[in-house]
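Breakdown of the fold
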Amino acid sequence: MRTVKDRGLRTFVTVLAGLAVIYFGATGHRSSGGEGEGISGGVVLLALLASALAWNLTKPGPAK
């Protein structure tokens, strides 16, 4: 996988991955009742894991 050398772009990709998980986790299930709205702890945990994965996958490799 190609690496991202610019730290600003790497941070942007990481934040975007976390926000995407939160967005789709919050809008993915539409409950008919008023209860259960919002973001659950599981969605937040998945967002953190997605962010950590994106940060790890985009780390720069060794200089050649």
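Model, not experiment: these values are computed from the prediction. (Residues numbered from 1 in each chain as written. Predicted model: local features only at pLDDT ≥ 70, side-chain atom pairs only at ≥ 80, totals over all residues. Heavy atoms only, no water.)

**Details of the packing of aromatic side chains**
Geometrically, a pair of aromatic rings is defined through the distance of the ring centres and the angle of the planes. Note the threshold: Stacked, edge-to-face and tilted are the three classes for Phe, Tyr and Trp ring pairs, Trp counted by its six-membered ring, which pair at centre distances within 6.5 Å; planes under 30 degrees apart are stacked, over 60 edge-to-face, the rest tilted. Remark: exposure states derive from per-residue accessible area (1.4 Å probe, protein chains only) relative to the maximum for the residue type, with buried under 20%, exposed over 50%, and partly exposed in between. Our definition puts a charge over a ring when NZ of Lys or CZ of Arg is within 6 Å of the ring centre and also within 35 degrees of the ring normal.
This model, assessed by the stated rule, comprises one aromatic pair. Geometrically, the ring pair formed by tyrosine 23 and phenylalanine 24 is edge-to-face, given 5.1 Å between the ring centres and 75 degrees between the ring planes. Summarising the burial analysis for this pair, tyrosine 23 and phenylalanine 24 share the class exposed. Arginine 10 extends its terminal NZ or CZ atom over the ring of tryptophan 55, reaching a point 3.6 Å from the ring centre.

**Re the environment of leucine 16**
Using the following cut-off: A run of H or I in DSSP counts as a helix once it spans at least four residues, and a run of E counts as a strand once it spans at least two, with each numbered from the N terminus.
Considering the arrangement of structural elements, one finds leucine 16 in helix α1 (residues 7-27). By relative accessible area, which is 46% here, leucine 16 ends up partly exposed. With 31 residues separating them in the primary sequence, leucine 16 and alanine 47 have C-alpha atoms 9.8 Å apart.

**A short note on a nonpolar patch on the surface**
Condition: Patches draw on residues past 30% relative accessible area with no salt bridge. Two like charges within 9 Å are joined, as are two nonpolar side chains (Val, Leu, Ile, Met, Phe, Trp, Tyr) within 5 Å. All accessibility values rest on the Shrake-Rupley procedure with a 1.4 Å probe; residue burial counts only the protein chains present in the view. Counted as salt bridges are all cases of a side-chain nitrogen of Lys or Arg within 4 Å of a carboxyl oxygen of Asp or Glu.
On the surface, Leu9, Phe12, Val13 and Leu16 cluster together into a nonpolar patch covering about 350 Å² of accessible area. As for its placement among the helices and strands, phenylalanine 12 is situated in helix α1. When its relative accessible area of 51% is taken as the criterion, phenylalanine 12 is described as exposed.

**Quick notes on the UniProt feature "transmembrane region" (unreviewed entry) in the protein chain**
Operational definition: UniProt positions are given in the numbering used here, feature names are shortened, and annotations may be inferred rather than shown by experiment.
When the UniProt feature table is mapped onto this chain, "transmembrane region" (unreviewed entry) is found at residues 7-26 and 38-58. The span residues 7-26 shows a helical share of 100% and a strand share of 0%, and its end C-alpha atoms are spaced 29 Å apart. Regarding residues 38-58, the helix share stands at 81% and the strand share at 0%, and the terminal C-alpha atoms are separated by 30 Å.

**Some details on the packing of α1 against helix α2 (residues 41-57)**
How two helices sit against one another is set out by the angle between their axes and by the gap between those axes. Definition in use: Angles shown run from 0 to 180 degrees and are taken between the N-to-C directions of axes, each axis being a line fitted to C-alpha atoms and, for helices, limited to the stretch in contact. By the definition adopted for this analysis, an angle is roughly parallel if under 35 degrees, roughly antiparallel if over 145, roughly perpendicular if from 65 to 115, and oblique otherwise. Left-handed describes a crossing whose near helix is turned anticlockwise from the far helix by less than a right angle; the clockwise case is right-handed. Residue contacts follow a heavy-atom distance rule, with two residues in contact if any of their heavy atoms lie within 4.5 Å. Ten residues, namely Ala, Val, Leu, Ile, Met, Phe, Trp, Tyr, Cys and Pro, are considered nonpolar, four, namely Asp, Glu, Lys and Arg, are considered charged, and the remaining ones, Gly among them, are considered polar.
Packing of α1 against α2 brings their axes to within 8 Å, and their N-to-C directions diverge by 155 degrees. Relative to α2, the element α1 lies roughly antiparallel. Every pair of crossing elements has a handedness; the one defined by α1 and α2 is right-handed. Residues Arg7, Arg10, Thr11, Val13, Thr14, Ala17, Gly18, Val21, Ile22 and Gly25 of α1 form the contact with α2, whose participating residues are Val43, Leu46, Ala47, Ala50, Ser51, Ala54 and Trp55. The residue inventory of the contact of α1 with α2, partitioned by class, reads 10 nonpolar, five polar and two charged.

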